[in-house]
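Summary of the model geometry
Chain by chain, the residues run as shown.
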Amino acid sequence: MLETLHDPSSSPTGGPRLAATARGLTRTYGRGDNAVHALRGVDLDLPAGRFTAVMGASGSGKSTLMHCLAGLDQPTYGTVTVAGTELQSLDDTRLTVFRREHLGFVFQSFNLLPMLTARQNVLLPLELAGRRLDGETRERFDRVVAVLGLADRLDHRPGELSGGQQQRVAIARALVTRPALVFADEPTGNLDSRSSAEVLGFLRRSVRELGQTVVMVTHELEAASYADDVVVISDGRVRAHLVGPTPDAVLAALRGQEIGA
Amino acid sequence: MRTVLLASLRTHTRRYVAAALAVAIGVAFVVTTGILSSATKDGMVSSVGVPYENADLVVSGLDGDQAAAVVERARERGDHASVLGWSLLPLAEDGRRVSDRVEVGALADGEALRWQELRDGTFPGQAGEAVADVNAAKSLGLEVGDRLQVGTGARAADVTLVGLVDTPSASVAADLYLPWDAVAPIARTLYVDSIAYDVAGPADPQVRPLERFSGATVQAADQFVVDRQAEITKDVDIVAIVLLVFATIALFVAVLVIANTFSILFAQRARDFALLRCVGATRRQVLRSVRIEGLVLGLVAAATGVLAGTGTGHLLVAVARDRFDEGTIGEPSPSAGWYLGGLLLGVVATVAASWFPTRRVVAVGPLEALQPAGAVDPRTPAGVVRLAAGVLVLVAGVAALVLAMADHEVPPMLAGGAATFTGVLLLGPVLVPPLVRLAGLVSGRLLGSPGRLAAANAVRNPRRTAATTASLLVGVTLTTAVLTGMATSRTAVDDEMDQSHPVDLTLTSTGAELPATLLDDVLATDGVRAAAALPGTTARVSGIGEVQLLAADRAAVDDVVHGEPAIVVPGPDQVLVPWDSLGAGQAGGDQVRVTVDGTARTLTLRGGDGWGSAAVVAPETLTALTGGAATGTRSVWVQAEDGADPEDLGGDLDALGAPAGAELANGLGERAWVYLQLDVLTASVVALLGIAVVIALIGIGNTLGLSVLERGREHALLRALGLTRRQLRSLLGAEAVLLSVTATLLGTALGIAYAWVGVRTMVEPAVEAATLQLPVPQLVVVVLVAAVAGLLACVLPARRAARTAPAAGLALE
Ligand SMILES: Nc1ncnc2c1ncn2[C@@H]1O[C@H](COP(=O)(O)OP(=O)(O)OP(=O)(O)O)[C@@H](O)[C@H]1O
Ligand SMILES: [Mg+2]
């Protein structure tokens, strides 16, 4: 069963619907001799309804790219458009509201507010937006919770959950608002292989069954194998955008970069 | 956002306890003040009228002699007059001194003006009987039937206690009441508050004649009572305002403590805030949430304070009513304003204290949630603006202080004091850490690596270090300034005491020669440092009557007189007479005739004080008056050892002198009484400031407790690397002591500086060559108390830190 979103960025001409685009994205930290060029002019189109993995060596700029795409960080140059809205045109409050309504996040660790229960953490974005738990959102909540298998852990606090369960709560929170785009930065970095598989499986199910768009930063091949597409980045530039690649193709792309870099 | 707010309130409650306690104490202080002042007002105001209930007129503003004249006149006319006042006299029971100073008042002749209420026994029916106040009797150990001697020497009166009374008026109450006829002989020594006057007939026509007769103020009784009530209300209000000043100091310290608590808590929760921002909380939402948190804390703390203050106030009132005369403390009925004001003050203080820390919260960007744990540095550098402002304010303040000292003006001194102190607080982040580091050298020596680590930890966050020490600095600076100022003004009081009480104790004959052995007996008494026997005789002085005339030889009395002996050694043509035995209309400089056995001399009258009731002349004058006949000892003058107990020594000497008919004058007791007043004043001020110090120490414990939570991983790592539990505890203890001792030393230095400025400004114009006196032992006690209290403050956090197992600490996120 497949639930699709109404995507405002779907082109009337019927081309692939884009969840996000970046043009000439540049991010420089510091200046002068100390300047670090984390991103050097990235152009990227992320199609809707797909699970994209961003891969690259440590320090290659993956996290920076994600932060810029998510409006958490201001690029030095370039533009980001998400769900039809150019992020650079928004002030802080508008940007926050935009994030709240159109984006979801899953981080490597420290995803949840320790003083809230799992249920409260999941519902947090709705509460921040002042949305009441009406029929439609309740249905969505129940569905997400059911898909992620969290129903019996909802009244526990993060401290009482395992790492994998915590990540599942974070995923539920990212999905409950039906965001146009879910970002995940190394969501399995702290997990063992079984929990990793579990979490990645859920992310994939959210794309397949809930129709979400997910962008995941990772440096594990294993993790990337759950994704539909793989973006390889090195030294602040996109080196390859592979659609439905085989593991070998991804490995080759990564190797190529290492040699090339 | 409500869920977040409620959850964080629930989760962080424990971390807010100390801050809430600080506010609550300040608020409780305010409310207690309100309750006490209202109860005092109620008691005093409602009791003012009691002694005047049946009086038509009130005569006030007159002395004992005038009062005696008014009573005489009333008796002649068939009116009634009751003298309301007292004389401080020694009291003995069967020859044993009970007290050096008992308030002896007069009982009205007629029933109508007798306002005391009989509790036991009867009112005096004849001369030689007396009644005592119930409470005074309890504290002096008197019972109905006791035989008492009131006063000493010639004017001593023997009375039997026949009853106990309640005295339901605070303003004119005494300990012991004698019938007027027994008081009349000592009328001159009376302090007269007023006379209740009952006219036998219409009162109005009597106002003018009475006014003309007495030369005093005559008012209708109702009017007098109304005026007196207004006066008392004003006095109580002034006391309440003084107390509120201390409450303000306490609240100010509380504000420092809360501001620091918020800063620390918010720094620790920066990642929470960042995460909230990530998942879509706007800046305003986060800001509103933390501000409501502050508001709730303020409300809860202030309400707790109001409750605690109400409880404390009622408790104090109950204790006071039990111990004081009826008519001092009444029903506490503070206006709602006190409660509301206290509540408001607490809330405003908390919200104001949270303002700047909450502003820093919104500076947290969403990205900070994505940094690995520990990357969010709670370190806050001291802002340049803050430092510049600090220097500016400090320089302006010093200028004001210099001006104050030059012109002897108090307002610039207060302004300068406030400004320099603000400057020091602002400069704290650059001023305090080096001092802590300096003190850390010592702790490193003493404790080894935990000591050095403690010093490093204490200065890790300069702003936090400064804020933590600032709260203690306030209390210690003020305490030191008060102690030093008091010690210095005490030297001025010393000079004055030497003037008014040149001799500690005297035993003076009441008519006969004293035994030759008396001097040796006196010298053998414990607590006597030196004694001198003075020869003399009985003489008559015109306008005064029969007196003992002593000859003071400069060389002989030099040893027993405080200060300059000339005070008690008259010139050859002078006679020195106590001020209170001067006859009506007599004054210093008058010529008087002094007669001994028919030989008379005209001498210049000089008034003085402090050697009893005898008159004093130069030795050659006495020789001339007695025609060279031998004169025996008529008085023994005594200087006590330092620290001798005035009551004990007085009692011992009285026991020696009484069989020989000698009268004791106890200047040492008077001196001790004055010093006691000073000590009580100092102690009250220090105790009131102590509340601010307690709040500050709660603050230090709190900072440390919060830091311990923050450093859980670090401590676990240290423990894993081999730091023992004991070492960890001493690490935290050393940190607390470093902070409190540094604050105390800095505060002591500042306090001494302020005391110096205060002395130069206020005391120097009055007392020449006033030099700063450092009460070194007291200051040492202040430093030690701060150090020990600092240690106590860290007990709880240190225990918690040491209890956590290393593995649990490392697992902390
Ligand atoms: N706040 C910052 N200040 C300065 N340089 C930064 C900052 N954040 C990131 N960088 C630099 O930018 C570059 C890209 O960092 P980024 O975090 O995007 O790498 P990454 O690909 O996510 O690495 P990893 O796999 O280790 O997480 C790195 O060289 C990093 O040192
Ligand atoms: Mg990264």
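Cut-off values and rules
- Sequence order as written defines the numbering, with residues in each chain counted from 1.
- Think of it this way: whatever chain is written first is A, whatever ligand is written first is 1, and the rest follow in order.
- Predicted model: local features are reported for residues with pLDDT of at least 70 only, side-chain atom pairs are reported and counted for 80 or more only, and whole-chain, interface and lining totals are derived from all residues.
- Water and hydrogen atoms were dropped before computing side-chain values, which therefore reflect all heavy atoms in the structure.
- Strands here mean DSSP runs of E at least two residues long; helices mean DSSP runs of H or I at least four residues long; both are numbered from the N terminus.
- Only C-alpha atoms enter the radius of gyration, while the globule expectation follows 2.2 Å times N to the 0.38, with N the number of residues.
- Contacts were defined at the residue level, with two residues in contact if any of their heavy atoms lie within 4.5 Å.
- Note on areas: these come from Shrake-Rupley sampling with a 1.4 Å probe, and a residue is covered only by the protein chains present in the view.
- In summary, the charge assignment counts Lys and Arg as positive and Asp and Glu as negative, without counting His or the chain termini.
- Throughout, a charge is located at the NZ atom of Lys, the CZ atom of Arg, the CG atom of Asp or the CD atom of Glu.
- Each domain's limits were defined by an automated method or a database of domain assignments.
- In this description, buried area is defined as the sum, over both parts, of the accessible area (probe of 1.4 Å) that is lost when the two are combined.
- We define a salt bridge as a contact between a side-chain nitrogen of Lys or Arg and a carboxyl oxygen of Asp or Glu at a distance within 4 Å.
- Polar contacts here mean pairs of N or O atoms no more than 3.5 Å apart (in protein, one a potential hydrogen donor and the other a potential acceptor; neighbouring residues in sequence count only if both atoms are side-chain atoms).
- As a working rule, the residues Ala, Val, Leu, Ile, Met, Phe, Trp, Tyr, Cys and Pro are called nonpolar, Asp, Glu, Lys and Arg charged, and the rest polar, with Gly in that last group.
- Two strands qualify as a pair provided DSSP detects at least 2 bridges between them.
- In these notes, residues near a molecule or strand are those with any non-hydrogen atom within 4 Å of it.
- Here a patch means residues that are over 30% exposed by relative accessible area and free of salt bridges, tied together within 9 Å if like-charged and within 5 Å if nonpolar (Val, Leu, Ile, Met, Phe, Trp, Tyr).
- Think of it in three bands: residues with accessible area under 20% of the maximum for their type are buried, residues over 50% are exposed, and the middle band is partly exposed, with areas taken using a 1.4 Å probe on protein chains only.
- By convention a nonpolar core is built from buried Ala, Val, Leu, Ile, Met, Phe, Trp, Tyr and Cys residues, the set being connected through side-chain atoms within 4.5 Å.
- Note on definitions: angles span 0 to 180 degrees between N-to-C directions of axes, and those axes are lines fitted to C-alpha atoms, for helices only across the stretch in contact.
- Roughly parallel refers to an angle under 35 degrees, roughly antiparallel to one over 145, roughly perpendicular to one between 65 and 115, and oblique to any angle outside these ranges.
- Two helices cross in a left-handed way if the nearer one is turned anticlockwise from the farther one by less than a right angle. They cross in a right-handed way if the turn is clockwise.
- Each residue carries a pLDDT value, the predictor's own confidence for that position, ranging from 0 to 100.

This brings us to the overall build of chain A. Regarding its fold elements, chain A presents eight helices and ten strands. Against the compact-globule benchmark of 18 Å for 261 residues, chain A has a radius of gyration of 18 Å, which places it among compact chains. Viewed in the frame of its principal axes, chain A has a C-alpha envelope of about 50 × 40 × 40 Å. Look at the contacts in chain A between residues 6 or more apart in sequence, and 68% of them connect residues 24 or more apart. Accessible surface computed for chain A: about 11400 Å², of which carbon and sulfur atoms make up 47%. Side-chain charges of chain A comprise 28 positive and 30 negative groups, with the mean position of each set lying 1 Å from the other.

Next up on the list: the domain arrangement of chain B. Residue and element names in this part refer to chain B. Domain boundaries in chain B define domain 1 (1–50 + 222–371), domain 2 (62–215), domain 3 (435–503 + 667–804) and domain 4 (511–660). Taking only C-alpha atoms, the centre of domain 3 and the centre of domain 4 are 50 Å apart. With ten residues of domain 3 at the contact, the number on the domain 4 side is 14 residues. Ranking the residues of domain 3 by area buried against domain 4 places P502, V503 and L668 at the top, with a combined share of 63%. Between domain 3 and domain 4 we count zero salt bridges in total. Along the contact surface separating domain 3 from domain 4 lie one residue pair in polar contact (both at pLDDT 80 or more). Residue contributions to the side of domain 3 that touches domain 4 peak at four residues, all from helix α18 (residues 667–710). Split by residue class, the side of domain 3 that touches domain 4 holds four nonpolar, four polar and two charged.

This next bit is on the sheet that holds strand β2 (residues 36–47) of chain A. Read from one edge to the other, the open sheet built from four strands follows the order β2-β1-β4-β5 (chain A), with strand pairing classed as antiparallel. The open sheet has two free edges, formed respectively by β2 and β5 (85–86) of chain A, since each of these has just one partner strand.

All names here are of chain A. The full set close to ligand 1 counts 13 residues, and S58, G59, K62, S63 and T64 are the nearest of them. S60 is positioned with one of its backbone polar atoms (N or O) 3.2 Å from an oxygen atom of ligand 1. A distance of 2.6 Å is found between an oxygen atom of ligand 1 and a side-chain nitrogen or oxygen belonging to S63. Isolated, ligand 1 exposes 630 Å² of accessible area, and the fraction of that covered by the protein chains is 59%. With three residues, the single largest contributor to the shell around ligand 1 is helix α1 (residues 62–69). In terms of residue class, the shell around ligand 1 is built from four nonpolar, seven polar and two charged.

A word on a negative patch on the surface. All names here are of chain B. Taken together, the side chains of D526, E641, D642, D645, E647, D648 and D652 define an acidic patch exposed on the protein surface. Relative to the helices and strands, D645 resides in the loop between β18 (633–640) and α17 (646–657). Taking the relative accessible area as the measure of exposure, D645 reaches 38% and is therefore partly exposed.

In terms of nonpolar packing, the biggest core is built from 77 residues, with L65, V82 and F183 of chain A touching the most fellow members. Considering each element in turn, this core owes the most residues, ten residues, to helix α1 (residues 2–48) of chain B. Here F183 of chain A is in contact with M66, L69, A70, L103, G104, F105, V106 and V215 of chain A, once residues within four sequence places are set aside. Formed by 61 residues, the second largest nonpolar core is a distinct cluster that contains V257, A455, V685 and A789 of chain B.

Here we come to unusual backbone geometry. All names here are of chain A. Of note, the phi angle at E186 is positive, near 45°, even though the residue is not glycine. Locating E186 in the fold gives a position in the loop between β7 (181–185) and α6 (193–208). The exposure class assigned to E186 is buried, which follows from its relative accessible area of 15%. One non-glycine residue, D235, lies in positive phi territory at about 50°. Residue D235 is classed as partly exposed on the basis of its relative accessible area, which comes to 40%.

We now examine the sheet that holds strand β6 (residues 103–106) of chain A. Residues and elements named next belong to chain A. In space, the six strands of this open sheet follow the order β6-β7-β8-β3-β9-β10, with mixed pairing throughout. Only two strands of the sheet have a single partner each, and these edge strands are β6 and β10 (237–243). For this sheet, the mean angle separating the axes of adjacent strands, direction not counted, is 20°. Pairing analysis gives four bridges linking strand β3 (residues 51–55) to strand β9 (residues 229–234), with the strands arranged parallel.

Residues and elements named next belong to chain A. Its location among the elements puts A57 in the loop between β3 and α1. According to the relative accessible area criterion, A57 is partly exposed, its value standing at 44%. Separated by 175 residues in the primary sequence, A57 and V232 have C-alpha atoms spaced 9.2 Å apart. Beyond its immediate sequence surroundings of up to four residues, A57 is in contact with K62 and I233.

Let us now look at the side chain of S206 of chain A. Residue and element names in this part refer to chain A. With respect to the helices, strands and loops of the structure, S206 is situated in helix α6. The class of S206 is buried, set by a relative accessible area of 1%. If near-sequence neighbours (up to four positions away) are discounted, S206 is found in contact with L175, G211, Q212 and V214.

This next bit is on the interface of chain B and chain A. Taken together, the contact pairs 25 residues of chain B with 25 residues of chain A. Across the chain B/chain A interface, buried area totals approximately 2300 Å², and carbon plus sulfur atoms make up 64% of it. At the junction of chain B with chain A, the criterion picks out zero salt bridges. Linking chain B to chain A there are five residue pairs in polar contact (both at pLDDT 80 or more).

For the rest of this paragraph, the subject is the packing of helix α11 (residues 410–447) of chain B against helix α12 (residues 449–458) of chain B. All names here are of chain B. Where α11 meets α12, the axes come as close as 6 Å, and the angle between the chain directions of the two elements is 160°. By the angle class used here, α11 and α12 are roughly antiparallel. Both α11 and α12 take part in a crossing whose hand is right-handed. Contacts between α11 and α12 involve V436, G440, S443, G444 and L447 from the first element and S449, P450, G451, R452, A455 and A458 from the second.

Here we take up the pattern of salt bridges. Tallied over the entire structure, the rule returns 20 salt bridges over all chains. Residue R23 of chain A pairs with D45 of chain A through a salt bridge whose shortest N-O separation is 2.9 Å. Taken together, the positions of R23 of chain A in strand β1 (residues 18–29) and D45 of chain A in strand β2 put the pair 22 residues apart, joining distant regions of the chain. On the basis of relative accessibility, which here comes to 28%, the residue D45 of chain A falls in the partly exposed class. Across the pair R75 of chain B and D181 of chain B runs a salt bridge, and its minimum N-O distance is 2.9 Å. One end of the pair, R75 of chain B, is in helix α2 (residues 64–77); the other, D181 of chain B, is in helix α4 (residues 180–183), and 106 residues separate them in sequence. With a relative accessible area of 32%, R75 of chain B lands in the partly exposed category. The network of salt bridges with shared partners includes E117, R119 and D166 of chain B.

Interpretation of this model should avoid reading the predicted coordinates in detail wherever pLDDT is low. Residues and elements named next belong to chain A. Confidence in the prediction of chain A, expressed as mean pLDDT, is 83, and 92% of residues score 70 or more. Considering each helix and strand of chain A separately, the mean pLDDT is smallest for helix α8 (residues 247–260), with a value of 73, and largest for β3, with 94. In this model, residues 1–14 is a region of pLDDT below 50 whose contacts with residues beyond four sequence positions or in other chains number 25 contacts.

Attention now moves to the confidence of the model for chain B. Per-residue pLDDT for chain B averages 84, and the proportion of residues at 70 or more is 95%. Scored below 50 in pLDDT, residues 373–379 of chain B shows eleven contacts in the model against residues more than four places distant or in partner chains.

Residues and elements named next belong to chain B. With respect to the helices and strands, the residue F213 is situated in helix α5 (residues 207–214). Between the C-alpha atoms of F213 and R73, which are 140 residues apart in sequence, the distance is 9.1 Å. Sequence-distant contacts of F213, that is, excluding residues within four places in its chain, are made with A69, V70 and R73.

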